[in-house]
Amino acid sequence: MANTVLLATIFSATLFLVTLGDSRGMGSLSGKQCNKWIETFFKMPPSEQIRKFGSYTIEDQYSIYICGNQVFHPPAIYLSRPFAMEGKAAVDFLRTKLLQTKDDLTICDIVFVLSEMNRHKAYNVARDGGLMKIINDRVDGMESDDWKRITKKMVAEINGI
């Protein structure tokens, strides 16, 4: 538990410092797409955001989560748990997003949700060999040593290491 709290703190602080004012990490999302969430969803208090998050489609949850972590500041990492609780319903979608992106920040954000999913037992990510191969391939291909190091720690946590 202490490692998870430490990892979340490091992830949050690093994400905030690296992405401050930088929307390049949004993968396939544009700033315009994020503006609609900033103007609506992120105007609600965090407790209301968490309560309503699950009522959105998986696609919208992903957009909100990515925008919340890569555009909105401070990052909305608190959305990782409700997204993770979608379990199997979100796995295939996240698998596809991992296959589609080479963006370090997006890979890190997706792996963070998957690590939360595994930790909360919403889906056994470690037992999904195909997904773990995709995760490992994407992490190995990351360009930023810092993001790679942080993401590898999450992968180790998924694997129980």
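Residues numbered from 1 in each chain as written. Predicted model: local features only at pLDDT ≥ 70, side-chain atom pairs only at ≥ 80, totals over all residues. Heavy atoms only, no water.

Caption draft 1: Representation of the pattern of salt bridges. Inspection of the entire model under this criterion finds 10 salt bridges. Measuring nitrogen to oxygen at the nearest pair gives 3.2 Å for the salt bridge that ties Glu116 to Arg119. One end of the pair, Glu116, and the other, Arg119, are both in helix 7 (residues 104–119), three residues apart, so they sit about a helical turn from each other. Note on Glu116: relative accessible area 6%, which makes it buried. Looking at Arg119, the relative accessible area reads 30%, which means it is partly exposed. (Salt bridge = Lys/Arg side-chain N within 4 Å of Asp/Glu carboxyl O. Helix = DSSP H or I, 4+ residues; strand = E, 2+ residues; numbered from the N terminus. Buried < 20%, exposed > 50% of the residue type's maximum accessible area, 1.4 Å probe, protein only.)

Caption draft 2: Seen up close, the packing of aromatic side chains. For the structure shown, the criterion picks out eight aromatic pairs. With a centroid separation of 5.1 Å and an interplanar angle of 85°, the aromatic rings of Phe41 and Phe42 are classed as edge-to-face. Both residues of the pair, Phe41 and Phe42, count as buried. Aromatic side chains Tyr65 and Phe83 sit 5.7 Å apart centroid to centroid with 55° between the ring planes, which places their arrangement in the tilted category. With Tyr65 in helix 4 (residues 58–70) and Phe83 in helix 5 (residues 80–84), this residue pair connects regions lying 18 residues apart in the sequence. Phe83 shares its class with Tyr65; the two are buried. Among the aromatic side chains, those forming a connected cluster through ring pairs are Trp37, Phe41, Phe42, Phe53, Tyr56, Tyr65, Phe72 and Phe83. (Phe/Tyr/Trp six-rings, centres within 6.5 Å; stacked < 30°, edge-to-face > 60°.)

Caption draft 3: Region of the structure containing unusual backbone geometry. The omega torsion across His73 and Pro74 is 0°, close enough to zero to call that bond cis. You can see Pro74 is positioned in the loop between helix 4 and helix 5. Positive phi, close to 60°, is recorded for Lys121, a residue that is not glycine. With respect to the secondary-structure elements, Lys121 resides in the loop between helix 7 and helix 8 (129–140). With a relative accessible area of 74%, Lys121 lands in the exposed category.

Caption draft 4: A look at the packing of helix 7 against helix 9 (residues 145–158). Running from N to C, helix 7 and helix 9 point in directions that differ by 20°, and their axes come no closer than 9 Å. With respect to helix 9, the axis of helix 7 lies roughly parallel. Between helix 7 and helix 9 lies a crossing whose hand is left-handed. Facing helix 7, whose interface residues are Asp104, Leu105, Cys108, Val111, Phe112, Leu114, Ser115, Asn118 and Arg119, helix 9 presents Trp147, Ile150, Thr151, Met154, Val155, Glu157 and Ile158. (Axes fitted to C-alpha atoms, helices over the stretch in contact; angles between N-to-C directions. Parallel < 35°, antiparallel > 145°, perpendicular 65-115°, else oblique. Left-handed = near helix turned anticlockwise from the far one by under 90°. Contact = heavy atoms within 4.5 Å.)

Caption draft 5: Focus on the side chain of Gln49. Note on placement: Gln49 falls in helix 3 (residues 46–53). Among the residues examined, Gln49 registers a relative accessible area of 1% and is labelled buried.

Read these as spatial facts, not as claims about activity.
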